[in-house]
Amino acid sequence: PFVTSEKMLLDARRGGYAVGAFNAENMEMVKAIIAAAEELRAPVMIQTTSSTIKYGSVETYAAIVSAEAMKASVPVCLHLDHGSSFGLAVRCVMAGYTSVMMDGSKLPFEENIAVSRQVAEMAAAVGIPCEAELGKVGGKEDEVEAVADTNTDPAEAKEFVERTGISSLAVAIGTAHGFYVGTPVLDVERLSEIRKAVDVPLVLHGASGLTDEQVQGCVKRGICKVNFATELRNAYTRAVERYLLDNPNTIDPKAYSKAAMAAVTELVKARMKVCGCDGKM
Ligand code: 13P
Ligand code: ZN
Ligand code: NA
């Protein structure tokens, strides 16, 4: 079924595991992610960034995901990832997205509160949960570019959650979008402090390139949603490349797309197991 992120994230918090949230660019990635969720009996979040939405459209992704989710035997949610404005969040909700994020993390604290609260209230009015971000995750995710790497302050996090009414909070503890050069150092003590200060489910961004142990350590300390994007794009594209090198006379897109989907499904299954959301449905 096609559901919001509310129950799946609260269940994850209660159960001490995390829901995997996977960025999709096209129908093939959506099908591959849902296939992994069905095989492992896991709840799943599919998400699109604003640049993905520019590539397709909110109506297109909502139609693809809702059609696939309605056939699925596990709960599937469609989430706006790193929403860059109130208007985009409205467009997503109207198109049928079942979860949104407002990323105001590059704004001053008060402005981040104001816009996150506005989106959270709008979404709540129609039963849609809202994620927001405080502190800066490294690297660049579409139009939302981190200015400097600043980790989330636990006391500010408490005030931010209270004043915005958000459903979940994305934290900055040393992760970055994209693959890492070297091994990132995560401030897990800070994560535990944030967990103590805040009771909404916490979200980890930038999980591509983290070791299994790093992801599991964060889940143990209260992360309820883990975002993976770069690893899926890489698995997909390398599989297409490999297929075309091995089969240079290929004409039918279905042939290399099947190879790409199989690679994405395998990757998503492995990451779901690390998050501990397998077997929960
Ligand atoms: P990665 O690209 O590092 O997996 O980050 C994903 C993410 O945080 C999407 O919001
Ligand atoms: Zn992110
Ligand atoms: Na990353």
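Looking at an unreviewed UniProt entry, one finds the protein chain named Class II fructose-bisphosphate aldolase and attributed to Wansuia hejianensis.

A. Structural view of the pairing of strand S2 (residues 44-48). For S2, the buried fraction is high: five of the five residues fall into the buried class. Of the two faces of S2, the one carrying Val44, Ile46 and Thr48 and the one carrying Met45 and Gln47 are both buried. As defined by bridge partners, strand S1 (residues 19-23) adjoins S2 across three bridges and the pair is classed as parallel. Residue pairing in the sheet places Ala21 in a bridge with Met45 of S2. Running through helix H2 (residues 27-40), the crossover from S1 to the neighbouring parallel element S2 is right-handed.

B. Representation of the site of ligand 1. In the neighbourhood of ligand 1, 15 residues make up the surrounding shell, with His205, Ser208, Asn227, Ala229 and Thr230 lying closest. Of all the elements in the fold, those that place two or more residues in the shell around ligand 1 are strand S3 (76-83), strand S10 (223-228) and helix H10 (230-246). By residue class, the composition of the shell around ligand 1 is three nonpolar, nine polar and three charged.

C. Inspection of unusual backbone geometry at higher detail. At Arg41, a residue that is not glycine, the phi angle is positive and equals roughly 55 degrees. On the basis of neighbour count, Arg41 is assigned to the partly exposed category, with 14 C-beta atoms found within 10 Å. The backbone of His82 sits at a positive phi, close to 50 degrees, despite the residue not being glycine. Summarising the element assignment, His82 is placed in strand S3. With 28 C-beta atoms packed within 10 Å, His82 lands in the buried category.

D. Up close: the UniProt feature "binding site: Zn(2+) 1" (unreviewed entry) in the protein chain. As annotated by UniProt and renumbered to match this structure, "binding site: Zn(2+) 1" (unreviewed entry) occupies His82, His177 and His205. Considering the C-alpha atoms alone, the annotated residues occupy 124 residues of sequence yet fold into one spot, their largest mutual distance being 11.7 Å. Its location among the elements puts His177 in the loop between strand S8 (168-171) and helix H8 (188-197). Residue classification places His177 among the buried residues on the basis of 23 C-beta atoms within 10 Å.

E. Just the UniProt feature "binding site: dihydroxyacetone phosphate" (unreviewed entry) in the protein chain, in detail. In the numbering adopted here, UniProt assigns the feature "binding site: dihydroxyacetone phosphate" (unreviewed entry) to Gly178, Gly206, Ala207, Ser208, Asn227, Phe228, Ala229 and Thr230. Taken together, the annotated residues stretch across 53 residues yet fold into one region, lying no more than 11.2 Å apart by C-alpha. With respect to the helices, strands and loops of the structure, Gly178 is situated in the loop between S8 and H8. When near neighbours in sequence (up to four residues on either side) are disregarded, Gly178 contacts Gly139, Ser208 and Thr230.

F. Structural view of the nonpolar core. Ranked by size, the top nonpolar core spans 91 residues in total, and within it Val19, Ile33, Val100, Leu169 and Val264 carry the most contacts. Per element, the largest residue contribution to this core is ten residues, and it comes from helix H11 (residues 253-275). Ignoring sequence-local partners within four residues, the contact set of Val19 consists of Met8, Leu9, Ala12, Pro43, Val44, Met45, Cys224, Lys225, Cys275 and Cys277.

G. Local environment of the pairing of S1. Burial analysis of S1 places five of its five residues in the buried class, which makes it a mostly covered element. Side chains Val19, Ala21 and Asn23 of S1 all project onto a buried face; the interleaved residues Gly20 and Phe22 project onto the opposite face, where all are buried too. Here S1 runs beside S10; their pairing, made up of four bridges, is parallel. Paired with Ala21 across the strands is Asn227, a residue of S10.

H. How the structure looks around the environment of Leu78. Structurally, the position occupied by Leu78 is in strand S3. Separated by 14 residues in the primary sequence, Leu78 and Cys92 have C-alpha atoms spaced 9.5 Å apart. Here Leu78 is in contact with Ile46, Tyr61, Ala62, Val65, Tyr97, Thr98 and Ser99, once residues within four sequence places are set aside.

I. Quick look at the sheet that holds strand S9 (residues 202-204). If you walk around this closed barrel you meet the eight strands as S1-S2-S3-S4-S5-S8-S9-S10, and the pairing is parallel. In this sheet, neighbouring strand axes are inclined to one another by 25 degrees on average, regardless of whether the strands run parallel or antiparallel. Judged from the three bridges that link them, S9 and S10 form a sheet pairing that is parallel. Bridging from a neighbouring strand, Leu204 pairs with Val226 of S10.

So, how was this worked out
Residues numbered from 1 in each chain as written. Chains lettered and ligands numbered in written order. Predicted model: local features only at pLDDT ≥ 70, side-chain atom pairs only at ≥ 80, totals over all residues. Buried ≥ 20, exposed ≤ 12 C-beta atoms within 10 Å, placed from the backbone. Helix = DSSP H or I, 4+ residues; strand = E, 2+ residues; numbered from the N terminus. Pairing = 2+ DSSP bridges. Right-handed = clockwise from strand over helix to strand, strands pointing away. Near = placed C-beta within 6 Å. Nonpolar A, V, L, I, M, F, W, Y, C, P; charged D, E, K, R; others polar. UniProt positions renumbered as here; feature names shortened; annotations may be inferred. Contact = placed C-beta atoms within 7 Å. Core = buried A, V, L, I, M, F, W, Y, C linked by C-beta atoms within 7 Å. Axes fitted to C-alpha atoms, helices over the stretch in contact; angles between N-to-C directions.

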